[in-house]
Structures are given as structure tokens and as C-alpha cells.
Amino acid sequence: MKKILYFFWIFLISNLVIGSPYISLRIGRTFDPVPGIIQVPITCGYIINPIDHLVSSWNWYIAYHSNVLYAGEVGSSATLVNYHPEFPEENYSTLIIADNPLPGWNTILISFSTSNPGEINANEKFFDIEFYYTPGFTEIPNVNWTSLNGNESNMVDGAGNSFILHLSDGYAGPHNILPLQPTATLKIGFINEAIPGYILVPVTLEAVNNSLIFWNSISSFGWYIAYDTEVLYAGDPSSPATLLNFHPSFPPSNYLTNIIADNPLPGWNTVAIICSPCLNEVFPGIKFFDIQFNYNEVFTAYPNIKWTSSPQGFETNLADDEGNEFFLTLIDGYAGPFIELPTPAAALKIGTIYDPQPGSLQVPVTCEAFENSLTGNNIITTLNWQIAYDTHVLYAGEPGSSAILTNFNPSFSGSCFYSIIRENEPFPDWNTINILKPCGCQGTINQGEKFFDISFTYNEGLTEEPNILWTGYSESFKDYETFMRDGNGNEFELTFMDGYVGPYPFSLNEVEVDPIKVWQYDRKIFIETEWKGEMALFTLTGQLLVSTTLQKGLNVIPADFDNSIYFLRIVTKHLVSNQKIYIP
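Here the residue numbering is sequential within each chain, running from 1 through the sequence in written order. For a predicted model such as this one, the threshold for reporting local features is a pLDDT of at least 70, and the threshold for listing and counting side-chain atom pairs is 80 or more; totals across whole chains, interfaces and linings nevertheless cover every residue. Only hydrogens and water are removed before side-chain values are computed, so all heavy atoms of the structure are retained for them.

A. The arrangement of the overall build of the chain in detail. Looking only at helices and strands, the chain has one helix and 50 strands in total. Long-range pairs, those at least 24 residues apart, make up 76% of the contacts in the chain with a sequence separation of at least 6. Accessible surface, the chain: about 26500 Å² in total, of which carbon and sulfur atoms supply 51%. Only DSSP runs of H or I reaching four residues or more are called helices, and only runs of E reaching two or more are called strands; each is numbered from the N terminus. Residue contacts are defined here by distance: any two heavy atoms, one from each residue, within 4.5 Å place the two residues in contact. Using the Shrake-Rupley algorithm and a 1.4 Å probe, accessible areas are obtained, with residue cover drawn only from the displayed protein chains.

Below, the structure written as C-alpha cells:
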């Protein structure tokens, strides 16, 4: 597929009419550097200019995190080395501006000007910046293109035209903190109650995250979208499909389309869509284009417009401007009579730890159930959770500071989550952890998987069970209800399972009070007695769940209720027995 995309790229570049010249500038990434002097390259990723590849001047502002990187004395020039021969050293000037634009960051202003413009080509280096590297953890990226007091980086070609700049940030530090692959979610539109005749089905970008190059750029894609010909028709077989309403970053001149008949299934056709070069930053929610279909009013199964591979071996793909392929989540579409798909649903559970030792412990937060037929995938992009805990026995972080979240699901970067502790919420002697995950930082979760652990300090003591609760109540933030959204922004219908840390609270596994023997197994209660009597099963809040007459011998009482503690009261001729029982 890449070879085909490269062919189309060359074809399209030769036919593009571009007003302003484009150039991408990249700060290098240095993984696992040895402490001491390191060299960070500044390179040209791509350059598109209908006139030439000449450059006459620029002013660049590059910020670096001073916790791990150091370049020259404050107020003195940064050290640049290994210059491109077309851009000699004598035409440069540099200036270091300390503590700018943010505390803990310094900025280098690098200027170049010449009356004899130099030529630069794709993937060539302008120069290296020498830094002194000290191991440590900082934000990612930690070498950034930046604006200083509103002064944007700029660049001029040999004819005096300003380049449109695409700037990719850099990094120096450990290798294993970056994801292996960028991710994106693509969606075909869902049109309920379509009217016979021409309809427009949008193709959109629902989510995107690329920490490999520190910005969300797209250079090319090849997509295969199949549709059920019983209800939809798009162009004659082997003729191009009609695409309309293009995003301005992806103009129609960049596209090639074709229709492949009877593929991938009999009765289905496929639209093949190639786009290259794109050379633009993208954001969640943008529409690439609409596909024009002729709709016949016939009922077919959902979905009836699908992402697919056609012909065999040509996978739907998307690449960034360095050629890295995205890991794609693909949401299919539909056109036809109204179909009401069920609301996405998930069950969230806080873990239970019985008989812990005083001190530090980890309480897991897991996904016990997950169902989303709206998207057909398990992507989560945003959440806001309120988890309250009883401070008589539990402690998480300093008052006002973040709780510590650890052991994240591998699908989510730790930087996706952050937490705030709010004291005395939702009621006195309880604190609340507000856990947030911002939109655009996506991951997937499967049934039974853990999101993360919350670190608590446990003080030995007795509280009611549960003592770690999901809550949507916050005195200071009453509008911040607990919620979770999928990759398309749909909100989940959530079921909450609270947690507990403390002594094992159940006295009954097998209890014998002559002449009664009681035990529970496999969600049933077994009661053996020599007498007839009455039995009642209550919740701890007093709700009556079961009332039955006991017979002499063995009695089996179904107890198909939610996991909880229940109050068992047995009255016989000779005695009253009150017990707690747990139905697992």
C-alpha cells in the first residue's frame, strides 16, 4: 500500500498548484542519551514550493526544559554545529532568553539571513543544537517550537515569499515513555430516515493522538469503504465516486478515487479513496469529505456502509508526515429507516481488599462490563469520576494535592489521567478524589480490565462497608457528575460498584445454633432445622427481600441478588437467630 501511496504522492505533487510555499521543520528526538553533551538536529521534513527550494531568512524560537537540558550561559549564544553547507555559520545569530516562555524553560532565538539564498531538500538537516543533558523526567515533548511575546517563528524563500510552517517538537530522554504507534478513529456517517434520492454521507476524524512526532499531522491515506448496493449506489462500476464538501486542508486535487464492483462481498461495491500529499495538522471532529450516494428506500441490516480491505491485502491506512502509520479504529455507517441503537453501557468497579495490613495499598478501579454498539469498539476518550472515601481508615495524598494513580492499563498513558482531592466531600469525614481524563487522550478498555490503581494509606479500623464510593455529588462542583464518553462523544450509561478496605465483615460462612444449621453456597442459602419456623432475609437498610416458611429438614433459599451483605432472621419454636450473611 505504501508503494501505491508514494506513486500517487509523486503524481499529485507534479499536478498541485500551491500558492504559498510549505515546509515542515522538525526538532530531533534523542532517545536514551548519555549524560553530558548531546546534539539535537533541526531538519526539513518536507518542502513544497512551485518556484524552488531556496531559503533566504528565518527567525526561530525554540524552548527547552531546563530541568534536563542546558544550552550556553544565560544571555550568551547557544552553540550550533554541523551546519548545512548551503547555510554557512557566518549568516547566523543566536540569543538565549532565560526563563521564557514558562518558568523552568529557556528559549533560544535562532536567526538566519543572507543575500545568497541556500537550497534545502526533504529530510536534510539545517544544523545541530548542542545541549548538556542531565537525566530526569520532564513533560513530553521537552524541546519545543514556541512563540516569544507573540513573535512567531517565520521563514522566507528565495523570492521573498513567507513559508507556511509545520512545526514538529522534539525530545531528549528515556525511550520507553513514548507510545509505539500513533492512533486515530475514523467514522462513516449515520443517516437515520434517509430520503430516497441523493444523500451525502460524511467521513470524519473522531479522535487522533500522535506522541511520536508531538503533533497530529497527516501526510497520506488509502481508504476502502464498501456499501450495500441493494440500497446505495455511488457512480458507475470502475468510475470515480463523487466526493463533495472537502475539508480545506485536503482539497479535491489531492484525491484519487475509484469504484470496485462486487467487492468485498457479492452485492456490495467498494469506493477506493487515495489522498496524498496532505501535509496538514488535524483535530478531532473534522470532516474530510462527503460521499454522494443515490439511496433506494429498502431496509438492510446495520451497518450498510463499512470500512473494508479491497482488493485483498490493501488495508485501509493513514500515515503522518514522517511516514508512521496510525493504529486505526474504524466506525461503520448506515443509511436507511430509523434505527435506534442502544446507549453505550459500562459497569465500573472499585476493588475490595479484606484484612489488609496497615500501610500503603493499591485499590484497583476496573471495567466489569462494556457494551457499545454505537461505535462497535471499546474506545474511551473522556471521563470525570468522583470517588469518595472514609478518612477514618483511608488516606490518599496531601489535602489539596493529587491522589496517586498507578499501574495504568497499557492502552492509556499515565499522562491521560489526573486527579484532584477535595476535602470533606460528599459529607464530613469523607474526602473525594476527582479523576479526570481529557478529550483527545484516548484508550481502549475491555471487560474485566483495570483502568489503574489508587494508592491509599490504610489505618486499621472499622467502618461501614462500603467505605470507597462512586459519587456524583460535589459541594463545590455540583455540575461535575460522574460520567464517561466514547470516541464519538456518546455518554455511557454507567453502573457503579463500590469498594471496601478493612476487616473481613462476615461472621457467617457456616453457623450452627442448635437445632438450626445455616450456610450459603453458590448464591443460595441452605438452612437445616428439626423444627418448622419462619425465615426473613433483609438488606442492611431494612428492605425485605425473602420471607418463607421453613420445613423440617433441608431448606434451599435462592438468593439471586446483587453482591452485598444481608441480614438473616430465623424464628423457630425455641429461638430467634439473627445473622449477617454475604452472597458472593
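B. Representation of the nonpolar core. Of all hydrophobic cores here, the largest spans 39 residues; its most connected members are Trp223, Ile273 and Phe288. Among residues more than four places away in sequence, those in contact with Trp223 are Leu186, Val203, Val271, Ala272, Ile273, Phe288, Phe289, Trp307, Thr316, Asn317 and Leu318. Residue types Ala, Val, Leu, Ile, Met, Phe, Trp, Tyr and Cys, when buried and joined through side-chain atoms within 4.5 Å, form a set referred to as a nonpolar core. Throughout, exposure labels follow a simple rule: accessible area from a 1.4 Å probe, protein chains only, divided by the maximum for the residue type, with under 20% read as buried, over 50% as exposed, and the rest as partly exposed. Core analysis: the second largest hydrophobic core is formed by 37 residues, Ile380, Ile433, Phe456 and Val501 among them.

C. Region of interest: the pattern of salt bridges. The term salt bridge refers to a pairing of a side-chain nitrogen on Lys or Arg with a carboxyl oxygen on Asp or Glu at a separation within 4 Å. Considering all chains together, one arrives at four salt bridges under this definition. For Asp453, the salt bridge goes to Lys450, with nearest N and O atoms at 2.9 Å. For Glu491, the salt bridge is made with Arg485, and the minimal N-O distance between the two is 3.4 Å.

D. Up close: unusual backbone geometry. A positive phi angle, close to 60°, is found at Asn82, a residue other than glycine. Mapped onto the elements, Asn82 comes out in the loop between β6 (80-81) and β7 (92-97). You can call Asn82 partly exposed: its relative accessible area is 40%.

E. Quick peek at the side chain of Ser217. Position of Ser217 among the secondary structure elements: in strand β17 (residues 217-218). Excluding residues that lie within four positions of it along the chain, Ser217 makes contacts with Asn280, Glu281, Ala319, Asp320, Asp321 and Phe326.

F. Spatial organisation of the side chain of Thr30. For Thr30, the position within the fold is in strand β2 (residues 29-31). Leaving out residues up to four positions away in the same chain, Thr30 has contacts with Gln39, Val40, Tyr171, Ala172 and Gly173.

G. Examining the packing of aromatic side chains more closely. Pairing of aromatic rings covers Phe, Tyr and Trp, the last counted by its six-membered ring, and requires centre-to-centre distances within 6.5 Å; plane angles under 30 degrees mean stacked, over 60 mean edge-to-face, and any other angle means tilted. One pass over the full model with this rule turns up 40 aromatic pairs. When the centroid spacing of 5.0 Å and the interplanar angle of 85° are considered together, the rings of Trp223 and Phe288 count as edge-to-face. Of the two residues, Trp223 sits in strand β18 (residues 220-228) while Phe288 sits in strand β24 (residues 287-295), which places them 65 residues apart along the sequence. An angle of 15° between the planes, with centres 5.7 Å apart, marks the rings of Phe408 and Phe417 as stacked. Pairwise contacts between aromatic rings join Trp58, Trp60, Tyr83, Phe87, Tyr92, Phe112, Phe126, Phe127 and Trp145 into one cluster. By definition, being over a ring means that NZ of Lys or CZ of Arg is both within 6 Å of the ring centre and within 35 degrees of the ring normal. Residue placement shows Arg485 over the ring face of Phe483; its charged tip is 4.1 Å from the ring centre.

H. View of the confidence of the model for the chain. Per-residue confidence for the chain gives a mean pLDDT of 80, with 82% of residues at or over 70. Averaged pLDDT values over the elements of the chain bottom out at 37 in helix α1 (residues 2-15) and peak at 95 in strand β9 (residues 125-133). Low pLDDT (under 50) marks residues 474-479, which in the prediction has six contacts with non-local residues, meaning those over four places away or in another chain. For every residue, the predictor reports its confidence as pLDDT, a number between 0 and 100. The model gives residues 506-511 a pLDDT under 50, and that stretch makes 20 contacts with residues more than four places away or in other chains.

I. Region of interest: a nonpolar patch on the surface. Exposure above 30% relative accessible area and the lack of any salt bridge qualify a residue for a patch; like charges then connect within 9 Å, and the nonpolar side chains Val, Leu, Ile, Met, Phe, Trp and Tyr within 5 Å. The grouping of Ile37, Tyr70 and Tyr132 at the surface amounts to a nonpolar patch, some 340 Å² of accessible area in total. Along the chain, the position of Ile37 falls in strand β3 (residues 36-48). By relative accessible area, which is 62% here, Ile37 ends up exposed.

J. Looking closely at the environment of Leu165. The topology assignment puts Leu165 in strand β12 (residues 164-168). In this structure the C-alpha to C-alpha distance between Leu165 and Ser24, which are 141 residues apart in sequence, comes to 5.8 Å. In this view, Leu165 contacts Ile23, Leu25, Ser153, Asn154 and Met155; residues no more than four positions away in its chain are not counted.

K. A look at the environment of Ile468. Take Ile468: it is sitting in strand β39 (residues 468-470). Judged by relative accessible area, Ile468 falls into the buried class, the value being 0%. Sequence separation between Ile468 and Ile350 is 118 residues, and the spatial gap between their C-alpha atoms is 7.3 Å. Leaving out residues up to four positions away in the same chain, Ile468 has contacts with Ile350, Val363, Ile387, Ala388, Tyr389, Leu394, Phe456, Asp498, Gly499 and Val501.

L. Up close: the environment of Ile527. Residue placement: Ile527 occurs in strand β45 (residues 524-529). Sequence-distant contacts of Ile527, defined by excluding residues within four places in its chain, comprise Ile516, Lys517, Val518, Met535, Leu550, Gly553, Leu554, Asn555, Ile557 and Ile570.

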